[in-house]
Every structure is written in C-alpha cells, then in structure tokens.
There are 2 protein chains.
Amino acid sequence: MVIMGVSGCGKTTTGKKLSKKIGLPFFDADDFHPKENVEKMKSGIPLNSEDRFPWLKILAKNIENWNENDGAIIACSALKEEYREILASKNKDIIWVYLSGDQNLIRARIEQRRGHFMNSNLLVSQFNDLEIPEYGIHIDISQSPDKIINEIILNLAHMNKSFFGVIGLGVMGRNLSLNIAEKGYALSVYNRATIGEENMVKDFLGETVNDMKIMGFTVLREFVNSLERPRKILIMIKAGNAIDHVIESLIPMLSEGDIIIDGGNSHYHDTKKRADYLEGKGLNFIGAGISGGEEGARKGPSIMPSGTKISYQIIAPVLESIAAIDKNGTKCCTYIGPEGSGHFVKMIHNGIEYAEMQLLAEIYTLLSDSKSNKEIKDIFLEWNSGDLASYLLEITADIMTKKEGGQYVLDLILDKAGNKGTGSWSTKAALDLGTVNTMMSSAVFARYVSSFKEKRINLSRKVATEIHNNGILSIEDIRDAYKFARIVNHQQGFEVIRRASKSYNWNLSLSDLSRIWTNGCIIRSELMIKCISYFKVSDDLFEHPEIVEVLKNNEHAVKSVLIHGLLNRIPLPLFTEANTYWISMTTKRLSANMIQAQRDYFGAHTYQRIDAPENQSFHTNWY
Amino acid sequence: MVIMGVSGCGKTTTGKKLSKKIGLPFFDADDFHPKENVEKMKSGIPLNSEDRFPWLKILAKNIENWNENDGAIIACSALKEEYREILASKNKDIIWVYLSGDQNLIRARIEQRRGHFMNSNLLVSQFNDLEIPEYGIHIDISQSPDKIINEIILNLAHMNKSFFGVIGLGVMGRNLSLNIAEKGYALSVYNRATIGEENMVKDFLGETVNDMKIMGFTVLREFVNSLERPRKILIMIKAGNAIDHVIESLIPMLSEGDIIIDGGNSHYHDTKKRADYLEGKGLNFIGAGISGGEEGARKGPSIMPSGTKISYQIIAPVLESIAAIDKNGTKCCTYIGPEGSGHFVKMIHNGIEYAEMQLLAEIYTLLSDSKSNKEIKDIFLEWNSGDLASYLLEITADIMTKKEGGQYVLDLILDKAGNKGTGSWSTKAALDLGTVNTMMSSAVFARYVSSFKEKRINLSRKVATEIHNNGILSIEDIRDAYKFARIVNHQQGFEVIRRASKSYNWNLSLSDLSRIWTNGCIIRSELMIKCISYFKVSDDLFEHPEIVEVLKNNEHAVKSVLIHGLLNRIPLPLFTEANTYWISMTTKRLSANMIQAQRDYFGAHTYQRIDAPENQSFHTNWY
C-alpha cells in the first residue's frame, strides 16, 4: 500500500499508525533516496523528474520484494502519474491511498513542524506537480488521525471484497468462473477440500490469468466473508441433496438480501421449495438453467434465470456479461419467470436436446447402410449450410470423421447411451401437465434400450433375420423427414412449457425463450431463430401456417423413411413418434370412443356423447 | 334376549338383574301362560308339548312387539329346539342366553325355594326334555349372580362386534362390502354424512339382504367401536390426501395391532410412507391393489395385498373368501410382498390394461374402414374363442353392437379419453427404474392426444388430405399383429415389476402374480394363464423360446399393419411401439454410439469403447 500526497499531508504519521493497526511493516520512501537527492532537498532545491527516476526504481524493486512476503505500507509523495507508473510497473496490485488536503491547512501544519529537511516554500511547487490519481482510496486529512485510519480500513475491507462468488469448481463451475473473471468482476471461488478435491482450488487458480481478480477458498466462511454485500453466490454442484447441504451451511453466514443462485440442473419443484424456504429467512434464491456444455460455460452460455425479478436485476449485470450473444447482438440471458421456471425450461431444453440427438443417431443408422463416414459428414455439412443448420448437426458432422490411431472414434464407441435425469423429468412433467412429449420420452427410452446390450445380443442371435436391403432411400427423403421430425419435436417441447406456464401462472414468453436459445446452448439452430417470430404469432407452432405447410409437404418423406425402416428392420423410434403425433393431431375422429366405452363397461367411468354438451355424462348398462 | 334353561336355574333373578343393568324391560314367560297351563302346573302335572304351543305363540307375538321398540329380556325355559323355533319364527335376531347348571345344584336351590307353583320333582322331566342349544351365550350358573351378569354383558359385547370394517361406500366399497357380508362375515360399514352423501349408509343398508350381518355408521368412533379386535378396516376412498385424513382420524380410536387396509389405487411411495408411519404407532398397514371394476368387486376381484406377512395372515381369510377363483380353484388373492408392492403391481396392472385397451381401439379403427360393427364383433368373438381370449376382448365384442334407441352406443361416444393417474405413474416408475414401458406410456399419451379434440379438428381441416384406401389388410395380419403386440406389452409390464422387485428387494413372484391375474381382474386372459408357467422358467418373457418364436413368426404381420397405417394415415401408436421395441431389442448394434459421441463432444460425459472393459471411460478432444 502506498500512502501518497504532497509533503506535510501526514503520510508518515498515517502510515505508522496504520502499520500498528493492521500489522504490516512501514517504510518511508524518502529513506530510499540516493545521497545526491537528500543533499539537494536539504539545500532547499526542489527535485526534478530526472532526480526522481533512480529513486523510484530502487523503491519499485523494494516493493516487489515486500510483496513476496505479506506486503508493506509505504509513505511516498508519488505526485505524478509517471512516478506511480514506475512503482506499479512490477506491482500491479498496489493499493493507493491519496491523502487529500487544502493548501492552507497543509502550509499551517508544515510551519509548525521542526527539524524537517524540507522548507515549506516548496509546497507551491508540490501542488503544481500534483496529478491527483483517478483511482485508489481518497482520504480527507481535515479529520482526526484516528478517523483517517478507520476510513482507510473501511475502504480496504470494501476494496478487497469480491463482487461475485462461485461454489463448486467442476467443469461447469470452473469455466463459468473464468468467464466471469474475464469480464472484470472481482470473484471469489470455493471448493471443498475433501479427499480427491484437495487441489481443486489451487489447480483452478493456476488456470487463471494475471489480470483476473480471483480469490480462492476451501473454507466456506472465509469465502462468504470475502464477498461484498449483498452477496451473490452461484452454486455449481451436482443437483440433489448436495444443494440443500450447501444452502444449510451458507444460511448462518449470510445476511438479509444476499442472493443464492443455483446454476445446476435442479428439479423445478426443488427450486420452488428452496426459494420459499430461503424467502422465509430473508434470503433470495435464483434458479438458473445454464446450457452450453463445457465450451458454452467458458465462451458464453445460454442462461435461464428465475426467481423474483428484483433479485434477478441485482445479478443481471454478471449473468448477462457472460452469456452468449444472439445474432442481433442481444445477450442470451433474460429473466424467465418466477419460482422454478428457469429450471423447468432448462429441463425441457434438455428434453428437446435428447430428441434432436436421437434423430441424428437414427439418420446416421439410415445413412451408414450405404455411405461412408466421410460421405455422411459431407451430407451433414451440406444440410448444415441451409435451414437445417444447428449446433448438434454441426458437431455430428465433426464426429463422423474424427479419428484416433487411424480409426474412426465413432466406430469404437460402445452403443450404450447414458442419461442424467432431465430427459425423464421432462416426460414426468408432460405426464403431470396432461400434454404429449412422445419424442423426448421415446428418446429417453431409446437410451435405456441401448443399455440392455447383452439382452440385445442374445435376442439378435435367436432371431437372426436375414435382411435384404429393400430399396434405397433417397437422401432428400431423409432430409425432409428430418425437417419434419424436428418441427414436431420443437412443437411438443414448447407445448409442455406453454402448459406449465399456464398451470403455474408463470407468464413465460416463448418468443423470448427461443431467442436466448439461438446461441450458447446445445439446441441452437436456424429453426430456433425462426421460432422467435413464430411464437410472436401463436404459442402453438402447429397454429403457424408456415409450419403446417412444411409438415404437410414432408409427410410423404417420413412415410418413406418409416417404410424403409420397417422393411429393413431398422428401429426408428423418433421418426415414428413424429409421424404418429402429426397423424393423430390431424385426425378428426380417433378411436378413443372405444376406450371410453371400455372404461364405462368395466368401471362405470361414464362418457360424453357427440350429440350432447360436454358437461353431460352418460353411463350405459352394457351387460 | 331370551334367558333359558330348566326351572330353578335362575332365569328370573338373572333377567331382572340384567334388566336393571342394561335398561331393557324384563318379562317372565310364565306370566303369558294360558289359565289351563297355570292350573296344570299348580297341580304338579308336567306340561306336554301340546300345552306349550299356544303359550309359545302368544310369547312370539309379544317378542315381535317388543322388538319393534328397543327389545326386551325374557326369562323362558324354552327347553326344546322346536319351542325355540316357534319363538324365533318371526324374530331372527333373538339372542339366546342358556343358563347351564348341574342337576344336584339346581335341585338343592329349588328345595330352598318357597311359594313357587312348581314342585322340584318335575326337575327330572325337565332335564329329560332339555335340548341344549348349539348357539347362543352359555353361562355356568355355579358362579355368583354378579359374575353371571358380567359374563353375559361381555358376551353380548363380543357378539355384537363386527369381524371386519369398510370405510367408504362408493361403487367399489359398496360392492366389496356386499361381497364380504355375503361370505358370512359380520361387517361394519362407514361413510361420512357430508352434503351429497347423507344417505349413502342408509341406501347401502337397503341393498343388503336379510341374513347379512351388517351395521352401518356415519359416526367414525361408533364404527370403530363396533369392530372386534384386532380391528380390520378396509379403506375404499379416493387415493390421495383423503386417505391420510381418514388415517389421522382413525389413529386415536385404534388399539395396538389393529390393521388398516388401503384398497384404493394409492401410489406405492405413499403406501410405504403410511406403513412406516403407522408402524411407529403400533398399527399395521396393508396396501392392497384390487382389480375387477364394479362387477369384480361384487362377484370376485383379483386382490394384491402387501405389507407385513403377519398382518396379512390375519386378514387373509376375508380377502381370500371374496376373491375370484382361478381355473384350478385357487383364490386370486395372494400375499404380494412388503411395503407398497401390492399397489405397485396394481399400478402396472393398470398400465398393461391401458395398452391392451389402446390396442383394441387401434384394431377397431383398422377394421371399421371396411367392416360393420356386427362383423367386427364376430371377428372379436372368433378371436376370443382361441388363445387371444381375454376379458377386454370379450367386452369389446359386446360393446361393438350395444344399441340404445336404435343406434350403436359406440358411435355416439365422444372420442376424448379420460385417465386416472395409474397409467402415468407406471411410466414414471419405469423411467425411475431405467426400464422401458413405451407401450403403456404411449397409451397414456394417446389418451391425451384424443383430448385435444378441437385442435385436431382445426388441424385436420388445414391438412385435408384425400386418402385413397391403399390395399386391404387381411384379418389374419391384424390378428397376428395383435398377438405380437400383446406379448410385447406383457413383457414390458412384467419387466417393470421385475426391476422394481430387484431394486426394492421385494422378492416378488411373477408366476404367482400372473396366477392371481388370471381371473377377477381386467387383464385376465389366456395369455396371462400361460404366463404362470412362462415365469416359472424365467422372469423375462423374452427369454422364453415359445415367446420368441411367436414374435419372430408374427413380425411380418405387424409390418403389414404398420405399412397399411402409414399409407392410409391411420395413427397406430401401440402397434408402432410394439414393433420398435422388438426390433430394437433384437438389434445387436444400435446407433447409441452416436449419442455417446455427442454427449462427450459437448458435455465431456465420456464414453465406453467396444475394445475396452466397460469400467473404463474415454474422452476425446473432438474439436
């Protein structure tokens, strides 16, 4: 810390007092002057800039040494910016304390002083030289020495506090932290130091670059104390009970108005519960869905925050600064709605993602019968140059030809797919809301089926059907069927959100939501960009004439794909669901009258009639 | 109440004391003798049977009158069965109290007696006449008069207690109650008397027949007090919070060891929670799935009870007596397993049912293109005479031609299907257990789709596709596809149960379970009968060679059905799922490697390789 200001402003007195108070050694810069300068000053000759450079360099070197230990307090006039630059050249983190006072006050003080080698006549030249710094802690010296010390300490405390905190340095936490620090926010990070995680914080700090303001902690209380109020703490740990444990540990350390943000894939019911619980304790809780994977977290994810709007506004600058940017330059982060709505839409985002991935897997199966990996890649790249373009299509093209040791990696990967809950949560939500998400649910089930590898091998041996390739499917049919199926997938996904918004009174904007999904997230695509305007017309994609036209025109392609699948024993669960849903939704009269008749027959559940108002129930004595 | 026994056994003394104690009027039968009889007795001439008939008839008439009020206590020798029959002819509910004593003891008492018109010499003839009743309360008169009274009251209390209680007189509760009472069990029933339900108990008692021992209550405490211990109370109310409310009301009224049975469609998690909660209070809880609808409840349902085995054994006689009977004469009720396993299997039963119903609805759609209702009925009846026979097929045949006012009822029913939760619960359970139930889940979603009637009408107008009937599908193909799809449905359903049994350590027997589902329940069928033996070989139907053979041989039929559906725009969600699952499960290598590559690409989720052990994880730097 450099205490600076004109001669007589009280640098030494203040420095010594402060040294006693905070336990850092005190040095007077004047003690480091070369002999020639001391003589000059004693003779009343003001030092010019040239005189000062060697002295400042000696000082800078010393500061560097002190900094390698715990630091030090230095009293040094450092009147001009160029002098300060020399001192700071090797010491970026100098804290500048500028003692500011009126020329008359200082003159009076100097004239009372005895035995000092500097004549008060020099004061005028000092004020002429002084370039007041635009940074640092500025202290008014008209107050008492004790008050001056207190004010410096108060400012110090504030200066060292981080604006934002992150708990959990897994892949996502680490990358989001770097992203936040890169945007200039002073950041504190915390990770527990349990077995296997002892070095997480240290390793992370090793990844950071010099001008990032990051403090790392393995003691939660120190982490919390390092944050300025209201504290803004982003939790990036595995969803589930662990979140509650962290919240319970935090509560006694936090103050009213602090904000906890859960950026993991928590269940929206849990988020609602936690928000209510914390509200009762005067704390704010934001459930924020974050999509973009490892890379998105570092370079710009899509962020879906929910909670009270007022607490969102406090954290908005940070979240919006790190988010991806859409093609109009707007941030892919917007307030979603109350309660767990952010986690809800992130969950459905993942459901849509499951289905998009499975569709591509099915296309890969269809194409790999007759095309090489390279040819498939080229087909995908061509599609990706048009309105089918999407992040997932793009990475799938990459994947096709990625080699390791001369072999395609794809060909070496075991066909047992994993899953992490959000896919099945989406299905459960749809079931609860009475809406249909057959595409995402079938995508989840397809992953389950894939995991029964041993059973599949056994059964395939028993069945051992010889398949003769039944006709060639055109690339155009596959492409058009893909176009068709993606629309159905998006309609089903957004329909679940629409229903939730209605049921829970969330008042979500599907158009805004599509917009923040046009970049940063896994399901960004040209179709998503179109959805922004589609949803301005209606909340149901099937209401949009353009959508209906595409579906109508590509029905035949899906039909061709499915018949090809049937004839060649290729399982195509997602294309199948897309077709079933569209055909069902465009069928005026379904056979559900039979279901109702059966239910009334064995359970007296009653039924409605086509020739009576819907509020009227009928029962037949069937037997 | 008639207190009977030979002269001098203490009928009058006992009757008068008891009258004071329980507040019913006392009458001495001898006071109703015609004059001639009194004279005869005074002369020491024993009465013969002919003397007694007019007297007994007078008495019977009086008893009838007393009974119309609160009843009465009568002292009457009633030595012979024929005398007692006269008294009981119009009074079925006489309580007989037989005072039983040694001849010497009675003689001694009579000889001490003064002023009585009967000579103790008559005692011998009385003992000759005496036919000890095989019913009623028998009391030993060698004990003190107070003890005699106490013993009678204790017996009375016990006599009037019901063996079993039912709470809730909805369709199912009413029918189960009649079924239980019909089996001879003394039954108490309770229904709250809230608005709209004031007359439930009264109306129900009106339905009962005379020899049923049923007491009805609208006050819960009276209902509970009417039950003998350990109390056995079957709750038949709507699943959900209402169950908890009833349980909370019951707890303070119950005693240790009492058993509560929940016979509704409760969620198995709730059942587990309730069982744990009640165990902590010394009470037993049985979760019992009950299937069979209205008719099954009355005539014999399939019952799936779970909980501790020891409490099941206490209620087993009642549950087994009312259950359906399988073709070997065994009851369709067996102990399922611990916790909520009974409700779990009932839930999956309903899931299987959903899919079976939807399959029939799809077949109806396929056939109704070219066949009349009558022709379809005949096809169903023919199928039902063979190995496709099932309860649901049978009722569907009935439904086809049921007419009201000259019109087919089926044609008048609105095609919007309802659902009650267990279908979607099944899907959620499968998702949690990592198993696949695409057939039941699609059946649920098909019902949802049907409910979007207005949207469907709108969209069908916009699409307005002209469909030319593309070829005729053979009845045989539909039949064989149906056979195929039903097997897949049963495999998926039982697979969910197998997984649950393994995950929760329930140790369920799928073979026993199939057996109790061969009668009484909605999904009873020839296939279910076969499952009994299939599951003796393996818990996975797909492991059975006969099953694999049927599926293999009928794949082509499903294919034909699905292609017909595609060409004619007929939604066939369930046939589709059956095919997809079978084809997937018999495909050695699926495209899940693509899913794993994508997940590793954007989320660093890692993957397994075909050339490395499964416990090894790999990650590729894809970009």
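Since we're looking at a predicted model, the values are computed, not measured.

Looking at the sheet that holds strand β5 (residues 137–140) of chain A
Residues and elements named next belong to chain A.
Part 1 of the reasoning: Pairing in this open sheet of five strands is parallel, and the strands run β2-β3-β1-β4-β5 from one edge to the other. The open sheet terminates on both sides in strands that have one partner only, identified here as β2 (26–28) and β5. With strand direction ignored, the average angle separating the axes of adjacent strands in the sheet is 20°.
Part 2 of the reasoning: In this structure, β2 lies alongside strand β3 (residues 73–75), joined through three bridges in parallel fashion. Bridging across to β3, F26 finds its partner in I73.

Some details on the relation of the copies chain A and chain B
Part 1 of the reasoning: Between chain A and chain B, which share one sequence, the superposing operator has a rotation angle of 180° and an axial displacement of 0.0 Å; the RMSD is 0.2 Å. Here the transformation between the copies is reduced to the relation of a two-fold axis.
Part 2 of the reasoning: Looking at the interface residues of chain A, 100% of them are also at the interface in chain B, so both copies use one shared face.

Remarks on the interface of chain A and chain B
Part 1 of the reasoning: Tallying the contact residues gives 118 residues for chain A and 118 residues for chain B.
Part 2 of the reasoning: Summing both partners gives a buried area of about 11200 Å² for chain A against chain B, and 64% of it is carried by carbon and sulfur.
Part 3 of the reasoning: For the chain A face of the interface with chain B, the top three residues by lost area are L431, L566 and F602 of chain A, together amounting to 7%.
Part 4 of the reasoning: At the junction of chain A and chain B, the tally comes to 14 salt bridges.
Part 5 of the reasoning: Note that R609 of chain B is salt-bridged to E404 of chain A, the shortest N-O span being 3.9 Å.

Side note on the nonpolar core
Part 1 of the reasoning: In terms of nonpolar packing, the biggest core is built from 214 residues, with F344 and W517 of chain A together with F344 and W517 of chain B touching the most fellow members.
Part 2 of the reasoning: Setting aside its immediate chain neighbours within four residues, W517 of chain A contacts S302, M304, V345, H349, I352, F494, I497, I523, R524 and M528 of chain A.
Part 3 of the reasoning: Among the nonpolar cores identified, the runner-up in size contains 44 residues, and I3, L56, W66 and A75 of chain A belong to it.

Remarks on the sheet that holds strand β3 (residues 73–75) of chain B
All names here are of chain B.
Part 1 of the reasoning: Across the sheet, which stays open at both edges, the five strands sit in the order β2-β3-β1-β4-β5 with parallel pairing between neighbours. Only two strands of the sheet have a single partner each, and these edge strands are β2 (26–28) and β5 (137–140). Within this sheet the neighbouring strands show an average axis-to-axis angle of 20°, counted without direction.
Part 2 of the reasoning: Both strand β1 (residues 2–4) and strand β4 (residues 96–100) contribute to a ladder of three bridges, which runs parallel. Within β4, the position partnered with V2 by the bridge is W96.

Things to note about the environment of Y364 of chain A
Part 1 of the reasoning: Of note, Y364 of chain A is situated in helix α15 (residues 341–368).
Part 2 of the reasoning: On a C-alpha basis, the gap between Y364 of chain A and M400 of chain A in space is 9.1 Å, while along the polypeptide they are 36 residues apart.
Part 3 of the reasoning: In contact with Y364 of chain A, other than residues within four places in its own chain, are I376, M400, L410 and D411 of chain A together with S591, N593 and M594 of chain B.

Reading the values: rules and limits
- Residues numbered from 1 in each chain as written.
- Chains lettered and ligands numbered in written order.
- Predicted model: local features only at pLDDT ≥ 70, side-chain atom pairs only at ≥ 80, totals over all residues.
- Heavy atoms only, no water.
- Pairing = 2+ DSSP bridges.
- Helix = DSSP H or I, 4+ residues; strand = E, 2+ residues; numbered from the N terminus.
- Axes fitted to C-alpha atoms, helices over the stretch in contact; angles between N-to-C directions.
- Least-squares fit on C-alpha atoms with pLDDT ≥ 70 in both.
- Contact = heavy atoms within 4.5 Å.
- Buried area = accessible area lost by both parts, 1.4 Å probe.
- Salt bridge = Lys/Arg side-chain N within 4 Å of Asp/Glu carboxyl O.
- Core = buried A, V, L, I, M, F, W, Y, C linked by side-chain atoms within 4.5 Å.
- Buried < 20%, exposed > 50% of the residue type's maximum accessible area, 1.4 Å probe, protein only.

As far as function goes, none of this settles anything; it's purely spatial.
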